[in-house]
Amino acid sequence: MNVFKRLEELSNDGSFYLKALDLSFQPFEVESDLSIFSALATELETEHAGYETLLLDVNWRSHLIACMCLIVSENKSHLEELKNRFKNGSMVSPQIAVAMARLHFREMMDFFPSYINGGHGPESSTQIGAALVLLQSMFVREFTFPKSQLNIERFCLGLSVAQHHSGFWLKHRGSARG
């Protein structure tokens with residue numbers, strides 16, 4: 001299935017996936033827009049390797065769609081694929097981190113500190129920023145700040161985007177700890 005074409009058919013909008021990038025849904029349209037991702041999630045779950053294909057793709061748009069569909073469907077079946085995509089990097093690494101935290105809360109309490117202390121270079125600054133802000137929201141207070149060099153701009157971007165997305169899902173879907 002071509003998820004971009006299918007999402008366009010469901011939404012009547014060729015760039016609908018971009019709403020998920022910064023969660024720019026109109027307040028009165030949030031639930032109906034999320035239901036479009038829910039409908040796509042239902043279809044993806046019938047596809048052989050649907051989510052795996054999206055998360056293995058080099059295109060960040062595929063990663064974003066996968067995260068949205070996994071969160072709205074509360075599908076907890078793709079932890080390893082999410083972790084691998086997060087480790088390998090993506091323009092939407094903060095959104096991937098939020099999906100992992102929402103769907104796999106307990107596992108992320110170990111994974112994020114391990115990732116942060118993994119000795120990554122500046123190219124992982126976005127992921128480290130996202131992981132740190134999510135750990136704070138998970139009430140994990142004891143972790144070591146990364147020893148690696150950080151690109152401060154990318155680090156702050158990871159913090160900001162993960163915080164924004166986490167807040168959106170908390171408001172619209174409640175606590176991830178549930």
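Preceding this paragraph is the structure being described.
Heads up: these notes are all about the structure in this document.

Reading the values: the criteria
- Residues numbered from 1 in each chain as written.
- Predicted model: local features only at pLDDT ≥ 70, side-chain atom pairs only at ≥ 80, totals over all residues.
- Heavy atoms only, no water.
- Helix = DSSP H or I, 4+ residues; strand = E, 2+ residues; numbered from the N terminus.
- Buried < 20%, exposed > 50% of the residue type's maximum accessible area, 1.4 Å probe, protein only.
- Contact = heavy atoms within 4.5 Å.
- Areas by Shrake-Rupley, 256 points an atom, 1.4 Å probe, with all protein chains shown as cover.
- Lys, Arg positive; Asp, Glu negative; His and termini not counted.
- Charge placed at Lys NZ, Arg CZ, Asp CG, Glu CD.
- Phe/Tyr/Trp six-rings, centres within 6.5 Å; stacked < 30°, edge-to-face > 60°.
- Lys NZ or Arg CZ within 6 Å of the ring centre and 35° of its normal.
- Expected span 1.5 Å × (residues − 1).
- Core = buried A, V, L, I, M, F, W, Y, C linked by side-chain atoms within 4.5 Å.
- Axes fitted to C-alpha atoms, helices over the stretch in contact; angles between N-to-C directions.
- Parallel < 35°, antiparallel > 145°, perpendicular 65-115°, else oblique.
- Left-handed = near helix turned anticlockwise from the far one by under 90°.
- Nonpolar A, V, L, I, M, F, W, Y, C, P; charged D, E, K, R; others polar.

Below, the discussion takes up the overall build of the chain. Along its length, the chain carries 10 helices and 0 strands. The order of α-helices and β-strands along the chain, N terminus first, is α-α-α-α-α-α-α-α-α-α. For the chain, the spread of C-alpha atoms along the principal axes amounts to about 45 × 30 × 30 Å. When each of the 178 residues of the chain is scored for burial, the buried share is 48%. Across the chain, contacts joining residues at least 24 apart in sequence account for 72% of those joining residues at least 6 apart. Carbon together with sulfur atoms contributes 50% to the accessible area of the chain, which is approximately 8900 Å² in total. Across the chain, 16 positive and 20 negative side-chain charges occur, with their mean positions spaced 6 Å apart.

So, about the packing of aromatic side chains. One pass over the structure, following the stated rule, counts 10 aromatic pairs. Here the aromatic cluster, defined as three or more aromatic residues joined through ring pairs, consists of Phe86, Phe111, Phe112 and Tyr115. Stacked on the ring of phenylalanine 4, the Lys or Arg arginine 61 has its end atom at 4.1 Å from the ring centre. In this structure, arginine 61 packs its charged tip against the face of tyrosine 17, placed 5.2 Å from the ring centre.

With that out of the way, let us pick up helix H9 (residues 125–137). With 13 residues, H9 extends 19 Å from end C-alpha to end C-alpha; this agrees with the ideal 18 Å at 1.5 Å per step. Buried within H9 are the following residues: Ser125, Thr126, Gln127, Ile128, Gly129, Ala130, Ala131, Leu132, Val133, Leu134 and Leu135. Against helix H6 (79–88), helix H7 (93–103), helix H8 (105–116) and helix H10 (152–173) lie the buried residues of H9.

Across soluble globular proteins, nonpolar side chains have a tendency to be buried as a group. Ranked by internal contacts, the top residues of the largest apolar core, which has 56 residues, are Phe37 and Phe112. The element contributing the most residues to this core is helix H5 (residues 60–73), with 9 residues. Residue contacts for phenylalanine 37: discarding those within four places in its chain leaves Leu7, Phe16, Tyr17, Ala20, Phe25, Met68, Cys69 and Val72.

With that settled, consider the packing of H6 against H7. One can describe the packing of H6 onto H7 by two numbers: an axis separation of 10 Å at closest approach and a directional angle of 150°. In terms of their interaxial angle, H6 and H7 are classed as roughly antiparallel. The element H6 and its partner H7 pack so that their crossing is left-handed. The residues of H7 that touch H6, namely those facing Leu82, Lys83, Arg85 and Phe86, are Ser93, Ile96, Ala97 and Met100. Tallied by class, the residues present in the contact of H6 with H7 amount to 5 nonpolar, 1 polar and 2 charged.

What follows covers H7. For H7, the buried fraction is high: 11 of the 11 residues fall into the buried class. Looking only at H7, the buried set comprises Ser93, Pro94, Gln95, Ile96, Ala97, Val98, Ala99, Met100, Ala101, Arg102 and Leu103. Elements in contact with the buried residues of H7: helix H2 (18–22), H5, H6, H8, H9 and H10.

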